[in-house]
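A look at the structure
In case you want the letters, here they are:
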Amino acid sequence: MAVKIEESWRLQLEGEFEKEYFKKLISFVKEEYNQKRIYPPGSLIFSAFDHCSFKNVKVVIVGQDPYHGSGQANGLCFSVADGVRHPPSLQNIFKEIQSDLGIPIPQSGNLERWADQGVLLLNATLTVEASKAGSHQNRGWEEFTDKVLQVVSENKEHIVFILWGAYAQKKGSFLDDSRHLILKSPHPSPFSAHSGFFGSKPFSKTNQYLTSKGLTPINW
């Protein structure tokens, strides 16, 4: 099956594209885009991979679903398109960066600037129907993104996996912490940010680890 995804990822994942679950998933997604308003735009479904090749991955942040509001989702977890108001979780992420690293809160919530440095911003589910959170869960995306995490964990070393909240931590439960740094905390959502996300310092911890392994830190 021809899937428009960055070449180094295609080489890692091409076996998945021929599996029955993936064929059913793509058929479902195409039908949804033809009949409903689905986010992100079809050309951006694999944007996280396009901006962060397999070779360049240094950090993986795991999200759950794309934003389901108009014009928000751009294919990278927690990220929004330029000019879009920052959703509450992203506001809290920027607050923690400011506290952790002393970096001013940016005007743009577009995190392509992170992805281009080697941060894979991976949602567990890559599509969603407008105004219906979780509407494309349990259709096959989760199996696909589990495979993404698996190939990164098994075929690379010294990756920082950032798992915010119970969902991401369960999804990443099989990751090899003898080869990688696994950072866990509550989710940056307003419902849980004050329960341990604020003050968890994932950004400085990530850069300290990368530097200790001779890798270039992320300019957050």
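The text that follows walks through the structure, step by step, so that each part is easy to find.

About the cut-offs
- Residues numbered from 1 in each chain as written.
- Predicted model: local features only at pLDDT ≥ 70, side-chain atom pairs only at ≥ 80, totals over all residues.
- Heavy atoms only, no water.
- Salt bridge = Lys/Arg side-chain N within 4 Å of Asp/Glu carboxyl O.
- Helix = DSSP H or I, 4+ residues; strand = E, 2+ residues; numbered from the N terminus.
- Buried < 20%, exposed > 50% of the residue type's maximum accessible area, 1.4 Å probe, protein only.
- Phe/Tyr/Trp six-rings, centres within 6.5 Å; stacked < 30°, edge-to-face > 60°.
- Lys NZ or Arg CZ within 6 Å of the ring centre and 35° of its normal.
- Pairing = 2+ DSSP bridges.
- Axes fitted to C-alpha atoms, helices over the stretch in contact; angles between N-to-C directions.
- Contact = heavy atoms within 4.5 Å.
- Parallel < 35°, antiparallel > 145°, perpendicular 65-115°, else oblique.
- Left-handed = near helix turned anticlockwise from the far one by under 90°.
- Polar contact = N/O pair within 3.5 Å; in protein donor to acceptor, adjacent residues only side chain to side chain.

1. Topic: the pattern of salt bridges
- As enumerated under the stated definition, the model contains seven salt bridges in all.
- In this structure, Arg 10 engages Glu 14 in a salt bridge whose closest nitrogen and oxygen atoms are separated by 3.1 Å. Here Glu 14 and Arg 10 lie together in helix H1 (residues 7-17), a separation of four residues that amounts to about one turn.
- Relative accessible area serves as the criterion here: at 26%, Arg 10 is assigned to the partly exposed category.
- Among the residues examined, Glu 14 registers a relative accessible area of 36% and is labelled partly exposed.
- Across the pair Lys 19 and Glu 16 runs a salt bridge whose closest N-O atoms are separated by 2.7 Å.
- Given a relative accessible area of 3%, Glu 16 falls into the buried group.
- Here the residues in one salt-bridge network are Glu 32, Lys 36, Glu 129 and Lys 132, joined through shared partners.

2. A few points about the packing of aromatic side chains
- Using the criterion set out here, one finds 18 aromatic pairs in the structure.
- Measuring from centroid to centroid gives 5.7 Å for Phe 197 and Phe 198, while their planes differ by 55°, and the two rings are tilted.
- The rings of Trp 9, Phe 17, Tyr 21, Phe 22, Phe 46, Phe 49, Phe 54, Trp 141 and Phe 144 are connected pair by pair, giving a single aromatic cluster.
- The ring of Phe 28 has Arg 139 sitting right over it, with the charged end atom 4.1 Å from the ring centre.
- Over the ring of Phe 54 we find Lys 156, and its NZ or CZ is 5.0 Å from the ring centre.

3. Re the sheet that holds strand E5 (residues 160-164)
- The four strands are arranged E3-E2-E5-E6 in an open sheet whose pairing can be described as parallel. The outermost strands of the open sheet, each flanked by one partner alone, are strand E3 (119-123) and strand E6 (181-185). Across the sheet, the axes of successive neighbouring strands diverge by a mean angle of 20°, strand direction being ignored.
- In terms of strand pairing, strand E2 (residues 59-63) meets E3 through five bridges, oriented parallel. Residue pairing across strands places Ile 61 opposite Leu 121, the latter belonging to E3.

4. Focus on the side chain of Ser 200
- Looking at the secondary structure, you find Ser 200 in the loop between E6 and helix H8 (202-212).
- Setting aside chain neighbours within four positions, we find Ser 200 in contact with Glu 96, Ser 185 and Lys 205.

5. What about the packing of helix H2 (residues 20-35) against helix H6 (residues 141-155)?
- At a minimum axis distance of 9 Å, the contact between H2 and H6 shows a crossing angle of 125°. Taken as axis vectors, H2 and H6 run oblique relative to one another. Pair H2 / H6 crosses with left-handed handedness. In this structure, H2 uses Tyr 21, Phe 22, Leu 25 and Val 29 to contact H6, whose residues at the interface are Trp 141, Glu 143 and Phe 144.

6. Some points on the environment of His 51
- Of note, His 51 is situated in helix H3 (residues 47-51).
- For the pair His 51 and Val 119, spaced 68 residues apart in sequence, the C-alpha to C-alpha distance is 8.8 Å.
- With residues near it in sequence (within four places) discarded, His 51 still touches Glu 112, Ala 115 and Asp 116.
- Within the structure, His 51 has its side chain in polar contact with the side chain of Asp 116 (distance 2.8 Å).

7. Considerations on the pairing of E2
- The buried fraction of E2 amounts to five of the five residues, a majority that puts the element mostly inside the structure.
- Burial along E2 is two-sided: Val 59, Ile 61 and Gly 63 and Val 60 and Val 62, pointing in opposite directions, are all buried.
- When E2 meets E5, the two strands line up parallel, connected through four bridges. Note that in E5 the partner of Val 59 across the bridge is Val 160.

8. A word on the environment of Ile 5
- Within the secondary structure, Ile 5 is located in the segment before H1.
- Along the backbone, Ile 5 and Gly 140 are 135 residues apart, and their C-alpha atoms lie at a distance of 17 Å.
- If near-sequence neighbours (up to four positions away) are discounted, Ile 5 is found in contact with Arg 10, Leu 13, Phe 17, Phe 46, Phe 49, Asp 50 and Phe 144.

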